[in-house]
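# Notes for the structure review
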Amino acid sequence: VAWVGAEFVYLKGRSEPNLVHDRALFARYDELLPEADLRWEFDNELFNLHTDTGFTKRLRRFVELAKREEGRFLQTEVCSATETLQGAMHSLDGFILKHFFVPLHGAILEGDEEYIALYPEQRNSSEEWQRAKFDALAEQLAVLVAAVNQAYISWRSAVKKRLAV
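Cut-off values and rules
- Residues numbered from 1 in each chain as written.
- Predicted model: local features only at pLDDT ≥ 70, side-chain atom pairs only at ≥ 80, totals over all residues.
- Heavy atoms only, no water.
- Helix = DSSP H or I, 4+ residues; strand = E, 2+ residues; numbered from the N terminus.
- Contact = heavy atoms within 4.5 Å.
- Pairing = 2+ DSSP bridges.
- pLDDT = per-residue confidence, 0-100.
- Core = buried A, V, L, I, M, F, W, Y, C linked by side-chain atoms within 4.5 Å.
- Buried < 20%, exposed > 50% of the residue type's maximum accessible area, 1.4 Å probe, protein only.
- Expected span 1.5 Å × (residues − 1).
- Polar contact = N/O pair within 3.5 Å; in protein donor to acceptor, adjacent residues only side chain to side chain.
- 1 Å grid on protein atoms, 1.4 Å probe; cavity = no way out; pocket = protein on both sides within 12 Å on 5 of 7 lines; lining within 4 Å.
- Points joined across faces, edges and corners; volume = space filled by probe spheres on them.
- Nonpolar A, V, L, I, M, F, W, Y, C, P; charged D, E, K, R; others polar.
- Arc of directions from axis to C-beta.

A word on the overall build of the protein. Within the protein, the secondary structure is distributed over 6 helices and 5 strands. For the protein, the α and β elements follow one another from N to C terminus as β-β-α-α-β-α-α-β-β-α-α. Put simply, 66% of the contacts in the protein that link residues at least 6 apart link residues at least 24 apart.

Alignment of strand E3 (residues 50–52) against strand E5 (residues 115–118), held across 3 bridges, turns out to be antiparallel. Within E5, the position partnered with Asp 52 by the bridge is Tyr 115. Here strand E4 (residues 100–101) pairs with E5 via 2 bridges, running antiparallel. Each residue of the ladder has a partner; that of Phe 100, found in E5, is Leu 118.

With that out of the way, let us pick up the confidence of the model for the protein. A residue-level look at the protein finds 86% of positions with pLDDT of 70 or above and a mean pLDDT of 88. Of all the helices and strands in the protein, strand E2 (residues 7–9) carries the lowest mean pLDDT, 40, while helix H4 (residues 76–99) carries the highest, 97. Confidence drops under a pLDDT of 50 for residues 1–11, and excluding neighbours within four residues, the segment shows 16 contacts in the predicted structure.

Moving on to the nonpolar core. Counting residues in hydrophobic clusters, the biggest one holds 42 residues, and the most contacted among them are Leu 46, Phe 73, Met 89, Leu 92, Leu 118 and Trp 155. Among the elements that make up this core, the one with the highest residue count is helix H6 (residues 128–163) (13 residues). Apart from residues lying up to four places away in sequence, Leu 92 is in contact with Phe 42, Leu 46, Leu 59, Leu 141, Leu 144, Val 145 and Val 148.

So, on to helix H3 (residues 53–67). Because each turn of an α-helix spans 3.6 residues, side chains separated by three or four positions in sequence point in the same direction. In this model, H3 (15 residues) spans 21 Å end to end at C-alpha, consistent with the 21 Å of a helix rising 1.5 Å per residue. Those residues of H3 lying buried are Thr 53, Gly 54, Phe 55, Thr 56, Leu 59, Phe 62, Val 63, Leu 65 and Ala 66. Packing partners of the buried residues in H3 comprise helix H1 (16–32), helix H2 (35–45), E3, H4, E5 and H6. You can read the cap of H3 off the contacts: a side-chain oxygen lies 2.8 Å from the backbone nitrogen of Gly 54, and it is on Asp 52.

So, on to unusual backbone geometry. Positive phi outside glycine occurs at Tyr 119, with the angle close to 25°. When you line up the elements, Tyr 119 lands in the loop between E5 and helix H5 (120–123). When its relative accessible area of 17% is taken as the criterion, Tyr 119 is described as buried. If you check the backbone angles, Ala 164 has positive phi at about 55° while not being a glycine. Classification of Ala 164 by relative accessible area gives partly exposed; the value is 23%.

In this section: empty space enclosed by the protein. This model, assessed by the stated rule, comprises 1 cavity of 30 Å³ or more. Taken as a whole, the largest cavity holds about 40 Å³ of empty space. Forming the boundary of the largest cavity are Ala 66, Gly 71, Arg 72, Phe 73, Cys 79, Thr 82 and Glu 83. For the lining of the largest cavity, the element with the highest residue contribution is H4, accounting for 3 residues. Along the lines of polarity and charge, the residues of the lining of the largest cavity split into 3 nonpolar, 2 polar and 2 charged.

A few words now on H1. Its 17 residues give H1 an end-to-end C-alpha distance of 24 Å, which sits within 8% of 24 Å, the value for a rise of 1.5 Å per residue. By the burial criterion, the buried members of H1 are Leu 19, Asp 22, Leu 25, Phe 26 and Tyr 29. Angularly, the buried residues of H1 cover 135° about the axis, an arc narrow enough to put them on a single face. Opposite its buried face, H1 presents the exposed residues Pro 17 and Glu 31, each directed more than 90 degrees away. Turning to H1, the residues buried within the fold contact H3, H4 and H6.

Here it is as C-alpha cells:
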C-alpha cells in the first residue's frame, strides 16, 4: 500500500525492498537530469538548434548509468521503459556529437561549459546547398528530440505507475 495523492493505492506484486531500490535509483536519474532541465533543453535550447556542453555531459551520464547493471530497475515495466529512453537519448547524443560545434566566436559559459550549435557556419550560409544540408539536419534533430520526449513521457509514466513517485 502506498499513499498517492489523496488515496492509498495497493502496489500489487511489489516488494518493499524492490520499491526502495527502484525509488532510490529513480532519484539518481532525476538528479542527473531533472525533468525541468530536460524540458528547458527541448523547448528552448534544442528547439533553437543549440545547447551547451553541460547538457550533453548530463545526457551522457544518464545514458551511461542506464547501460550499467547498477542502473537497472527491478520493476520490469520501468526497466523496459528505461532501455527505450536510453536508446533514444543515445541517438540524440550521437547526433549532437557529430553535428554540433562551437561557433567561431563561441561563448564560454559557467566553468568549462561551452555553447555549441548545429553547424553554425552553415545556418546563415550564402550557399544554397549548405542551407539545404542544415535544414535537413535540423529536421533530423527535431525527430530525435521528439523520440526522446516520447520515451521520457513513457518512462515517467511507468515510474509513476509502478513506483508511485
